[in-house]
Amino acid sequence: MFTTEKFLPDEEKLKAVEENYKRVLDEVRESAVKAGRGENDVRLMCVTKTVEPVYINRVLALGADLIGENRVQEYLSKRDSLRLNGVEKHLIGHLQTNKVKSIVGEADMIESVSSLKLAKEISKISVLKGVVTNCLAEVNIGKEESKSGIFAEELEDILYEISTLPGIKIKGLMTIPPICETEAQARRYFAEMRQYFIDIKGKKIDNVDMDILSMGMSGDYKAAIAEGADIVRVGSAVFGARKYV
């Protein structure tokens, strides 16, 4: 569990985080160009789960402008220790309906809208707080029972229903594909997601934009960019292996 207790930062780790961030950023830009896009067309999200603020602040000082947190309470507990001026904050982890009231208005986007029920709760709390919450619909592309998310064949109908709700704005899609043994396998899932993204965009659903396709993590972000990702969510490749206490 994350702790806010003060500690002395590891200077070697600070240096490693800085080098990792620069390397990953270069690889994201190179992969975007290789895919026929501009070097700044794909955004690198630094995923901060279990990462102490001092290491997050190091990448923010280097120009990182997008962070992603998995847990509501962890984000809120360390937010005041982060230098977040000009930085976009996304919630990317599974969101329980009873935590919605704590995160609406505190994050710039919720990427993990995994059901109509959750969307309705976000809508209700957003209206009460007088805000519009930007969201991504999370697609369970591998139909894995262990993961949350909307099955692809239900996506269009659910998006039509969400589009009628006040206080919530769908800005695109997010996915976490099954663990794959090869890059080719991963690319098939990413390509499938890209097609759903294109198909939904073509429907021109009121109050539903397809501006963002968030897919790809530390082990497969290059494959995701090749298949059209707009945001890649990278944690361990920047900050090192997570530590669970």
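Details of the structure are given in the entry above.
Okay, so let's go over this structure. (Residues numbered from 1 in each chain as written. Predicted model: local features only at pLDDT ≥ 70, side-chain atom pairs only at ≥ 80, totals over all residues. Heavy atoms only, no water.)

## Thoughts on the overall build of the protein
Helix and strand content of the protein: 9 helices and 8 strands. By the compact-globule yardstick of 18 Å for 245 residues, the protein fits well, its C-alpha radius of gyration being 18 Å. Referenced to the eigenvectors of the C-alpha coordinate spread, the extents of the protein come out at roughly 50 × 45 × 35 Å. A total of 245 residues make up the protein; the buried ones form 49% of that total. (Helix = DSSP H or I, 4+ residues; strand = E, 2+ residues; numbered from the N terminus. Rg over C-alpha atoms; globule rule 2.2 N^0.38 Å. Buried < 20%, exposed > 50% of the residue type's maximum accessible area, 1.4 Å probe, protein only.)

## Some thoughts on the pattern of salt bridges
Think of it this way: side chains of opposite charge can pair up when their charged atoms draw near. The full count for this structure, using the stated rule, is 20 salt bridges. Linking Arg-187 and Glu-227 is a salt bridge whose minimum nitrogen-to-oxygen distance equals 2.8 Å. Placement of Arg-187 in helix 7 (residues 183–203) and of Glu-227 in the loop between helix 8 (221–226) and strand 8 (231–234) is noted, with a sequence separation of 40 residues between them. By sharing partners, the salt bridges in this structure join Glu-69, Arg-71, Glu-74 and Lys-78 into a single network. (Salt bridge = Lys/Arg side-chain N within 4 Å of Asp/Glu carboxyl O.)

## Some thoughts on the nonpolar core
In terms of nonpolar packing, the biggest core is built from 68 residues, with Leu-95, Ile-122, Ile-162, Leu-173, Val-232 and Phe-239 touching the most fellow members. With 7 residues, the single largest contributor to this core is helix 1 (residues 11–34). Ignoring anything within four residues of it in the chain, the contact list for Val-232 reads Val-28, Val-42, Arg-43, Leu-44, Met-45, Met-215, Gly-216, Tyr-221, Ala-224 and Ile-225. Grouped together as the second largest cluster of nonpolar side chains are 9 residues, Met-45, Leu-66, Ile-92 and Ile-212 included. (Core = buried A, V, L, I, M, F, W, Y, C linked by side-chain atoms within 4.5 Å. Contact = heavy atoms within 4.5 Å.)

Keep in mind that these numbers describe shape and distance, not what the molecule does.
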